[in-house]
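Coordinates in review
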Amino acid sequence: MEQPRDLLPRFLAAVADVGRAAPAVVAVSGGRDSVALLDLLGRSEFKNLAVAHFHHGLRGASADADVAFVRDLAARCGLPFILGRGDTRARARKMGESLEEAARALRRAFLARAARKHGATTVFLGHHAGDVAETLLFHLARGSGPRGLSALRARAALDGTGIDLVRLLLGFGPDEIARYAATRGLEFRTDETNASRAHTRNRLRHDVLPALAEAVGFDPVAPMARAAAILADEDAWLEELVADDARPHVLSTRALAAMPDARQRRVLRAWLRRCAGGEADFATVERARQIALSSAPPAKINLPRGHHLRRRAGQLFVEAPRRRAG
């Protein structure tokens, strides 16, 4: 039987260019992956960590026990503990979101606050290669392009806060992390909802990925994570190629029409992101293309957050929301 290998040498390679003295926050749910990440960070001699934990208000006494476990774990590691709480159901009702969407939004806002409280610009998350594979499958099913397929990236900005989310375990599979935790004798909490088929991600993890592995004859998680990393790099490169095209406040419809379809989409998405804020979905970009490539009505579409896209005299421009008087 093959002996489990210590993940530390590969982890040290992954953090070779990450400053270990600067303040940083590590998000710890209490589950195996985040506990393993905290253990590896400690063994890698990160000097100025704070442990952040968010209570979503969804699982009652079990979530309360998670809080107590992570608080105790932080104390045993000699690290400050930062707790956040939120009412996920109330947020979902108010914003018309799913529970998963609401939980994600509340958690990300908390992580930004936790980082500012600790004076940090980096938050470490415990996502691994299995999470990348699940994300790729989910976005593939929705018809996403490279940006969606590679949505779970090793480093990503946290919603324009100046804080980076850093995922150091993307090169490690879930089975490797499980063996590491067992070998190190790590204690962790098990979220009972992880076994439920009620959530899309759980169905992908428990049903789709095993079926795919059986169909292709090998574990596809690591190759899928590699594919996502390749797509992330290529997406970043393509964004650089269209950066100058998307810089003007007004776009020429004639110049846009002369571009290949793929470049049109890239330019419009980058331009809308800059002029209207936030990411435009595929349907919005396609409506913008239709307006740009046509001289017929309509010459206006609504954008998120009260913005409007207009075409006039062969030019596209974005109108900001009008401020109410008084």
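Residues numbered from 1 in each chain as written. Predicted model: local features only at pLDDT ≥ 70, side-chain atom pairs only at ≥ 80, totals over all residues. Heavy atoms only, no water.

Counted residue by residue, strand β4 (residues 122-128) has 6 buried out of 7 residues, so it is predominantly covered. Two strands pair when backbone bridges link them, and strand β1 (residues 24-27) and β4 are joined in this way by 2 bridges, in the parallel orientation. What sits directly across from Val25, in β4, is Val123. One ladder, built from 5 bridges, connects β4 with strand β6 (residues 164-169); its direction is parallel. Directly across from Thr122, in β6, lies its bridge partner Asp164. (Buried < 20%, exposed > 50% of the residue type's maximum accessible area, 1.4 Å probe, protein only. Helix = DSSP H or I, 4+ residues; strand = E, 2+ residues; numbered from the N terminus. Pairing = 2+ DSSP bridges.)

Before going further, it helps to examine empty space enclosed by the protein. Following the criterion strictly, the structure yields 1 cavity of 30 Å³ or more and no others. The calculated volume of the largest cavity comes to roughly 50 Å³. Looking at the largest cavity, the residues that line it are Leu272, Ala276, Gly277, Gly278, Glu279, Ala280, Thr284, Leu303, Pro304 and Arg305. Within the lining of the largest cavity, the residues separate by chemical class into 5 nonpolar, 3 polar and 2 charged. (1 Å grid on protein atoms, 1.4 Å probe; cavity = no way out; pocket = protein on both sides within 12 Å on 5 of 7 lines; lining within 4 Å. Points joined across faces, edges and corners; volume = space filled by probe spheres on them. Nonpolar A, V, L, I, M, F, W, Y, C, P; charged D, E, K, R; others polar.)

Across all of its chains, the model carries 2 aromatic pairs by this definition. With a centroid separation of 5.5 Å and 80 degrees between ring planes, the pair formed by Phe46 and Phe124 is classed as edge-to-face. With a gap of 78 residues between them, Phe46 in the loop between α2 (32-43) and β2 (49-55) and Phe124 in strand β4 connect regions that are remote in the sequence. Classification of Phe46 as buried rests on a relative accessible area of 8%. On the accessibility criterion, Phe124 (1% relative accessible area) is buried. (Phe/Tyr/Trp six-rings, centres within 6.5 Å; stacked < 30°, edge-to-face > 60°.)

A separate point is the confidence of the model for the protein. Averaged over every residue, the pLDDT of the protein is 92; residues scoring 70 or more account for 98%. Averaged pLDDT values for the elements of the protein fall to 88 in strand β8 (residues 300-302) and rise to 98 in β1. (pLDDT = per-residue confidence, 0-100.)

The next thing to look at is helix α3 (residues 60-76). The α-helix winds at 3.6 residues per turn, so residues separated by three or four positions along the chain end up facing the same way. Its 17 residues give α3 an end-to-end C-alpha distance of 25 Å, which sits within 8% of 24 Å, the value for a rise of 1.5 Å per residue. If you check which residues of α3 are buried, you get Ser62, Ala63, Asp66, Val67, Phe69, Val70, Leu73 and Ala74. As for α3, its buried residues are in contact with α2, β2 and β3 (81-85). Backbone geometry just after α3 places Gly78 at a positive phi near 70 degrees. (Expected span 1.5 Å × (residues − 1). Contact = heavy atoms within 4.5 Å.)

Counting residues in each nonpolar core, the largest one holds 31 residues, and the members touching the most others are Phe11, Leu41, Phe124 and Leu168. Elements supplying a minimum of two residues to this core: α1 (8-14), β1, α2, β2, α3, β6 and α8 (174-184). If you look at the next biggest cluster of nonpolar residues, it comprises 21 residues, including Val267, Leu268, Ile291 and Leu316. (Core = buried A, V, L, I, M, F, W, Y, C linked by side-chain atoms within 4.5 Å.)

Even without being a glycine, Glu45 presents a positive backbone phi close to 65 degrees. Relative to the helices and strands, Glu45 resides in the loop between α2 and β2. Assessed through its relative accessible area of 51%, Glu45 is described here as exposed. The phi dihedral of Ala313 is positive, around 55 degrees, even though this residue is not glycine. Relative to the elements of secondary structure, Ala313 occurs in the loop between β9 (308-312) and β10 (315-319).

Given a rise of 1.5 Å per residue, 16 residues ought to cover 22 Å, and the 22 Å separating the end C-alpha atoms of helix α12 (residues 261-276) matches this to within 8%. Within α12 the residues assigned to the buried category are Gln264, Arg266, Val267, Leu268, Arg269, Ala270, Trp271, Leu272 and Ala276. A positive phi of about 80 degrees marks Gly277, the residue just after α12.

Turning our attention to the packing of α12 against helix α13 (residues 282-293). Running from N to C, α12 and α13 cross one another at 110 degrees; their axes reach a closest spacing of 10 Å. On the basis of their axis angle, the class for α12 and α13 is roughly perpendicular. Taken together, the residues of α13 that come into contact with α12 (itself represented by Asp261, Gln264, Arg265, Leu268, Arg269 and Leu272) are Phe282, Thr284, Val285, Glu286, Ala288, Arg289 and Leu293. Within the contact of α12 with α13, the residues separate by chemical class into 6 nonpolar, 2 polar and 5 charged. (Axes fitted to C-alpha atoms, helices over the stretch in contact; angles between N-to-C directions. Parallel < 35°, antiparallel > 145°, perpendicular 65-115°, else oblique.)

Turning our attention to the sheet that holds β10. Sheet architecture is open: 4 strands sit in the order β7-β10-β9-β8, paired in antiparallel fashion. For this open sheet the edge positions go to β7 (251-252) and β8, each flanked by a neighbour on one side alone. Across 2 bridges, the pairing between β7 and β10 is antiparallel. The residue of β10 that forms the bridge with Ser252 is Gln315.

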